[in-house]
Protein chains: 2
Amino acid sequence: MVNFLSIFTMRNLFFLSLALNLSLIMRVFYEGEKHGPHGLSARKADSGLEKAAHATQRTLVSLSSSGQDDGEKLINLDHGDPTMYESYWQQMGEKTTVVIPGWQSMSYFSDVKNPCWFLEPEFAKQVVRLHNLVGNAVTEGRQIVVGTGSSQLFLAALYALAPKDASEPISVISAAPFYSSYPSMTDYLKSGLYKWAGDARSFDKEGPYIELVTSPNNPDGFVRHSMVNRTGGILVHDLAYYWPQYTPISSATDHDLTLFTVSKSTGHAGTRIGWALVKDPEVAKKMIKFIELSTIGVSRDSQLRAARILEVIINSSQNPGRPESGESFFKISHHLMAERWQLLREAVNRGRFFSLPEFQQGFCQFLNQVSQPQPGKQKFTEPLIKSCHLYNYLCNA
Amino acid sequence: MVNFLSIFTMRNLFFLSLALNLSLIMRVFYEGEKHGPHGLSARKADSGLEKAAHATQRTLVSLSSSGQDDGEKLINLDHGDPTMYESYWQQMGEKTTVVIPGWQSMSYFSDVKNPCWFLEPEFAKQVVRLHNLVGNAVTEGRQIVVGTGSSQLFLAALYALAPKDASEPISVISAAPFYSSYPSMTDYLKSGLYKWAGDARSFDKEGPYIELVTSPNNPDGFVRHSMVNRTGGILVHDLAYYWPQYTPISSATDHDLTLFTVSKSTGHAGTRIGWALVKDPEVAKKMIKFIELSTIGVSRDSQLRAARILEVIINSSQNPGRPESGESFFKISHHLMAERWQLLREAVNRGRFFSLPEFQQGFCQFLNQVSQPQPGKQKFTEPLIKSCHLYNYLCNA
């Protein structure tokens with residue numbers, strides 16, 4: 001009982017200290033913004049950036065929560081909600097707008113000649129153009145599979161890669177720290193096909209397995225490669241954050257199965273569109289089957305909208321600054337993230353309890369310059385009790 | 001070997017006979033249309049119906065296939081694709097159009113104060129208005145849960161209703177003939193929570209079970225009620241076809257968990273929007289959790305589009321014929337279905353091998369008249385070999 005009380009008091013003190021720490025960080029953070037010594041507002045910003053900078057003014061250090069802070073309800077999904085791009089899209093004006101008459105896209109079918117019959121050809125076209133432009137993934141010889149966000153494609157990949165007649169479910173692993181939803185997404189239906197088996201670093205079971213490689217990693221932003229390299233291993237690469245605003249684009253990835261999503265690349269989380277690049281046509285076929293069985297395809301409206309958004313991004317990168325194409329999305333978003341990281345580092349450095357990792361800079365083939373990783377989501381590590389992290393969604397508005 | 005050959009020959013003959021039969025039906029069907037003795041084209045049709053009638057001109061008796069008949073690929077999903085409504089939406093013009101600027105609906109969250117945080121308030125509002133207008137379902141005291149089509153909501157319902165700590169998966173049953181995708185949708189992930197257990201009529205296992213009641217039934221169009229009435233039974237009502245164009249609306253249903261979808265009610269299958277009316281908030285909460293884990297919500301673009309479509313339908317029913325509201329969607333679609341059924345019955349009656357069921361007429365509270373059931377999908381029964389059915393999607397264009 002005495003022991004219990006002493007632990008309890010320790011905890012109390014610890015949380016009190018955390019709260020104080022956090023309030024200090026926020027104070028420093030906001031004061032830094034108000035006086036604007038290093039922020040964009042103190043520099044001569046070009047007209048495009050001026051508006052975009054308003055997003056930064058609303059930056060919040062969020063405690064793993066994404067709800068509106070109206071005191072009524074906080075929803076914690078542990079997902080970044082990159083609404084900071086809103087101001088960019090506002091300034092891009094009508095060229096970003098989709099108009100969908102009531103009689104369009106009524107059928108289930110987008111393209112009956114494509115194995116992925118629910119894939120809008122225009123969306124597929126813009127995905128290929130975007131990857132070719134950014135240079136972050138090889139698209140030749142791949143089946144594009146569209147999904148209701150990359151979450152659905154993650155599940156589709158598990159279904160497609162798991163042996164159908166095995167005596168036990170295939171192990172699904174990822175090196176810690178991993179995306180917090182992986183375990184529950186893998187296990188919520190108690191599937192007989194696949195089962196969460198934890199940290200890839202300590203995985204020592206014989207036989208086949210699926211390893212999830214998230215790079216840059218969610219939640220710590222580091223570039224990741226496969227941790228286990230054994231016979232029977234199948235890799236799924238989640239590259240949601242492999243875009244120039246978050247990390248240097250070092251090369252075009254050439255994996256068997258790669259996942260992307262508009263929520264992180266363009267900020268359109270509410271549109272629920274992701275895509276997979278799949279090398280093996282048989283795997284792609286099974287993923288398509290999964291999406292047929294779970295949602296009979298993917299919203300055509302959202303694909304049309306995503307296609308327009310990607311097209312605007314491509315035009316803005318190819319002809320930046322022209323009235324018809326607007327300012328480069330990736331340059332502006334890279335700038336915004338850089339600014340937010342600078343403010344965050346300054347704030348954390350003035351505090352005592354939290355620390356931020358140092359990332360290795362690298363040459364970004366797309367920006368054609370040496371560039372710092374600046375993850376869209378970042379955990380704060382508390383150095384005394386290492387299991388305590390506070391997450392900050394750097395791209396939330 | 002001799003036996004095998006004789007069976008093979010029988011089969012050959014049988015399929016030859018089927019093909020001949022079908023070609024005869026189609027010939028009669030199309031001749032009936034060409035000469036227009038009973039079709040809408042022979043009558044004085046009002047301006048609204050004239051355009052809509054073109055859909056009928058393109059009617060195909062489809063062999064369980066929904067692909068374009070270009071000789072390249074046929075896709076069989078066994079789903080009706082009610083594109084016959086396209087011409088109605090065309091004539092309704094711009095009032096059906098949604099315009100979505102690039103900066104709208106970017107966040108994951110539609111309504112943080114609603115337990116279903118990904119439900120667009122405008123869509124929820126129009127769902128309630130539509131049910132109140134049509135009188136086909138009670139909405140008071142229900143949580144509306146939006147889904148990526150009603151397929152996702154069906155799976156969400158299984159997840160929500162299955163006990164989480166049972167020693168074996170709960171049985172999922174439906175009275176034959178049932179929707180052909182139910183077994184594969186239930187079993188494709190080999191879930192430990194639920195398992196397909198076949199025809200409700202022959203179900204005699206002790207313990208809890210989930211019974212799927214589809215009414216009007218897919219594929220035979222009959223009104224259905226629960227077949228098994230035992231302790232531990234949980235009902236899921238799939239009322240995708242409980243709309244005035246398909247069946248008389250006899251009363252407002254008042255079930256625990258009811259599924260609807262825009263694909264069958266308005267024809268917007270490509271939009272992938274369904275909704276559930278759920279009485280028990282705890283069940284609703286688990287369904288919401290399922291959708292979080294499988295797709296992190298539902299496309300906001302599609303919900304906004306569906307809301308507009310429902311609103312147009314409501315206005316067209318409340319003020320039919322006025323320029324600002326257009327002609328009544330349900331009256332026109334009811335008329336189209338009636339015409340198609342008349343032609344179909346005539347064609348089938350002139351053939352020898354196929355038959356169609358007779359349905360009991362009933363009073364439709366919405367249309368305020370006695371009305372015939374006219375299912376959107378109908379199987380043809382071959383009387384000699386009863387296991388052979390050809391499906392006709394009466395609402396495909």
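Residues numbered from 1 in each chain as written. Chains lettered and ligands numbered in written order. Predicted model: local features only at pLDDT ≥ 70, side-chain atom pairs only at ≥ 80, totals over all residues. Heavy atoms only, no water.

Just checking my understanding: could you explain the overall build of chain A for this structure?
The helix and strand tally for chain A stands at ten helices and twelve strands. Within the span of chain A, comprising 397 residues, buried residues form 60% of the whole. Within chain A, contacts between residues at least 6 apart in sequence are counted, and of these 70% link residues at least 24 apart. Accessible surface, chain A: about 16,400 Å² in total, of which carbon and sulfur atoms supply 54%. (Helix = DSSP H or I, 4+ residues; strand = E, 2+ residues; numbered from the N terminus. Buried < 20%, exposed > 50% of the residue type's maximum accessible area, 1.4 Å probe, protein only. Contact = heavy atoms within 4.5 Å. Areas by Shrake-Rupley, 256 points an atom, 1.4 Å probe, with all protein chains shown as cover.)

How should I be thinking about the interface of chain B and chain A in this particular structure?
You'll often see interface size given as the accessible area lost when the parts meet. Of the residues lining the interface, 73 residues belong to chain B; the matching set on chain A comes to 73 residues. Note on chain B versus chain A: buried area summed over both sides is about 6,300 Å², and carbon and sulfur give 62% of it. Taken as a group, Trp103, Met106 and Tyr108 of chain B account for 13% of the area that chain B buries against chain A, more than any other trio of residues on that side. Counting every contact that joins chain B to chain A gives two salt bridges. With a shortest N-O distance of 2.8 Å, Asp301 of chain B and Arg305 of chain A are connected by a salt bridge. Run the count over chain B and chain A and you get 43 residue pairs in polar contact (both at pLDDT 80 or more). (Buried area = accessible area lost by both parts, 1.4 Å probe. Salt bridge = Lys/Arg side-chain N within 4 Å of Asp/Glu carboxyl O. Polar contact = N/O pair within 3.5 Å; in protein donor to acceptor, adjacent residues only side chain to side chain.)

Would you mind showing me how to read the nonpolar core here?
What tends to happen in soluble globular proteins is that the nonpolar side chains get buried as a cluster. Ranked by internal contacts, the top residues of the largest apolar core, which has 189 residues, are Phe123, Val145 and Met287 of chain A together with Trp89, Phe123, Val145 and Met287 of chain B. The contact partners of Met287 of chain B, leaving out residues within four places of it in the chain, are Val145, Leu153, Ala156, Ala157, Ala160, Leu257, Ala276 and Val278 of chain B. (Core = buried A, V, L, I, M, F, W, Y, C linked by side-chain atoms within 4.5 Å.)

When you look at the relation of the copies chain B and chain A in this model, what are you seeing that I'm missing?
Mapping between the two copies of the chain is achieved by a rotation about an axis and a shift along the axis. With an RMSD of 0.0 Å, chain B superimposes on chain A once it is rotated by 180 degrees and translated 0.0 Å along the axis. Here the transformation between the copies is reduced to the relation of a two-fold axis. Mapped onto chain A, 100% of the interface residues of chain B again fall at the interface, so both copies present the same surface. (Least-squares fit on C-alpha atoms with pLDDT ≥ 70 in both.)

How should the sheet that holds strand β2 (residues 143-147) of chain B be read in this particular structure?
What holds strands together in a sheet is hydrogen bonding between their backbones, with the strands either parallel or antiparallel. Residues and elements named next belong to chain B. If you walk across this open sheet you meet the seven strands as β2-β8-β7-β6-β5-β3-β4, and the pairing is mixed. Bordering the open sheet on either side are β2 and β4 (194-199), each of which pairs with just one other strand. For this sheet, the mean angle separating the axes of adjacent strands, direction not counted, is 25 degrees. Contacts between helix α8 (residues 281-295) and the sheet are confined to β2, β7 (257-261) and β8 (274-278), with β2 contributing the most and set at about 20 degrees to the helix. (Pairing = 2+ DSSP bridges. Axes fitted to C-alpha atoms, helices over the stretch in contact; angles between N-to-C directions.)

Which parts of the structure should I look at to understand the pairing of strand β2 (residues 143-147) of chain A?
In summary, the side chains of a regular strand alternate between the two faces of the sheet. All names here are of chain A. For β2, the buried fraction is high: five of the five residues fall into the buried class. In this sheet, strand β8 (residues 274-278) lies alongside β2 in antiparallel orientation, the contact comprising five bridges. In the sheet register, Val146 faces β8, and the bridge partner there is Trp275.

Explain unusual backbone geometry here, please?
The phi angle of most residues is negative, glycine excepted, and most peptide bonds adopt the trans form. In this model, Ser215 of chain A is joined to Pro216 of chain A through a cis peptide bond whose omega is -10 degrees. With an omega dihedral of 25 degrees, the bond running from Asn218 of chain A to Pro219 of chain A counts as a cis peptide bond. Structurally, the position occupied by Pro219 of chain A is in the loop between β5 (209-214) and β6 (233-238). Located in the positive-phi region is Ile296 of chain B, a residue other than glycine, with phi close to 45 degrees. Its relative accessible area of 4% is what places Ile296 of chain B among the buried residues.

Quick question: what am I supposed to make of the environment of Gln342 of chain A here?
Residues and elements named next belong to chain A. Relative to the elements of secondary structure, Gln342 occurs in helix α10 (residues 329-350). Relative accessible area serves as the criterion here: at 35%, Gln342 is assigned to the partly exposed category. With 32 residues separating them in the primary sequence, Gln342 and Gln374 have C-alpha atoms 9.6 Å apart.

Is there a simple way to explain the packing of helix α5 (residues 149-161) of chain A against helix α8 (residues 281-295) of chain A in this structure?
Each pair of packed helices gets described by two things: the angle between the helix axes and the distance between those axes. Residues and elements named next belong to chain A. The contact between α5 and α8 brings their axes to 8 Å, and the two run at 120 degrees. Viewed along their axes, α5 and α8 adopt a mutual orientation that is oblique. Classified by chirality, the crossing of α8 by α5 is right-handed. Where α5 approaches α8, its residues Gln152, Leu153, Leu155, Ala156, Ala157, Tyr159, Ala160 and Leu161 are matched on the opposing element by Val283, Lys286, Met287, Lys289, Phe290, Ile291, Leu293, Ser294 and Thr295. The residue makeup of the contact of α5 with α8, split by class, is twelve nonpolar, three polar and two charged. (Parallel < 35°, antiparallel > 145°, perpendicular 65-115°, else oblique. Left-handed = near helix turned anticlockwise from the far one by under 90°. Nonpolar A, V, L, I, M, F, W, Y, C, P; charged D, E, K, R; others polar.)

Is there a simple way to explain the pattern of salt bridges in this structure?
Opposite charge on two side chains allows them to pair when their charged atoms are near. All names here are of chain A. Inspection of the entire model under this criterion finds 16 salt bridges over all chains. In this structure, Asp254 engages Arg142 in a salt bridge whose closest nitrogen and oxygen atoms are separated by 2.7 Å. Of this pair, Asp254 sits in the loop between β6 and β7 (257-261) while Arg142 is found in the loop between α4 (121-134) and β2, placing the two residues 112 residues apart along the sequence. You can call Asp254 partly exposed: its relative accessible area is 45%. Residue Arg142 is classed as buried on the basis of its relative accessible area of 14%.

Can you help me understand the confidence of the model for chain A in this one?
Detailed reading of the predicted coordinates is not advisable wherever pLDDT falls low. Residue and element names in this part refer to chain A. Summing up the model confidence of chain A, the mean pLDDT is 82 and the portion of residues at 70 or higher is 76%. For residues 1-9, every residue scores under 50 in pLDDT, and the model assigns this stretch zero contacts once sequence neighbours within four places are set aside. In the model, residues 13-17 has pLDDT below 50 throughout and makes four contacts with residues more than four positions away in sequence or in other chains. Both scores are available for the predicted complex, with the pTM at 0.83 and the ipTM at 0.83. (pLDDT = per-residue confidence, 0-100.)

Teacher, can you tell me more about the packing of aromatic side chains here?
The geometry of an aromatic ring pair comes down to the distance between the two centres and the angle between the two planes. Residues and elements named next belong to chain A. Enumeration over the complete set of coordinates arrives at 48 aromatic pairs over all chains. Measuring from ring centre to ring centre gives 5.9 Å for Phe123 and Trp275, while their planes differ by 80 degrees; the resulting arrangement is edge-to-face. Of the two residues, Phe123 sits in helix α4 while Trp275 sits in strand β8, which places them 152 residues apart along the sequence. You'll find Phe123 and Trp275 in the same group, each marked buried. (Phe/Tyr/Trp six-rings, centres within 6.5 Å; stacked < 30°, edge-to-face > 60°.)

Even after reading the chapter, I still don't get the packing of helix α4 (residues 121-134) of chain B against helix α9 (residues 300-318) of chain B, so can you show me in this structure?
All names here are of chain B. Remark: α4 packs on α9, axes separated minimally by 9 Å, with the N-to-C direction vectors making an angle of 30 degrees. The angle between α4 and α9 falls in the class roughly parallel. Crossing geometry of α4 relative to α9 is assigned as left-handed. Across the interface between the two elements, Glu122, Phe123, Gln126, Val127, Arg129, Leu130 and Leu133 of α4 pack against Gln303, Ala306, Ala307, Leu310, Glu311, Ile313, Ile314, Asn315, Ser317 and Gln318 of α9. Counted by class, the contact of α4 with α9 contains nine nonpolar, five polar and three charged residues.

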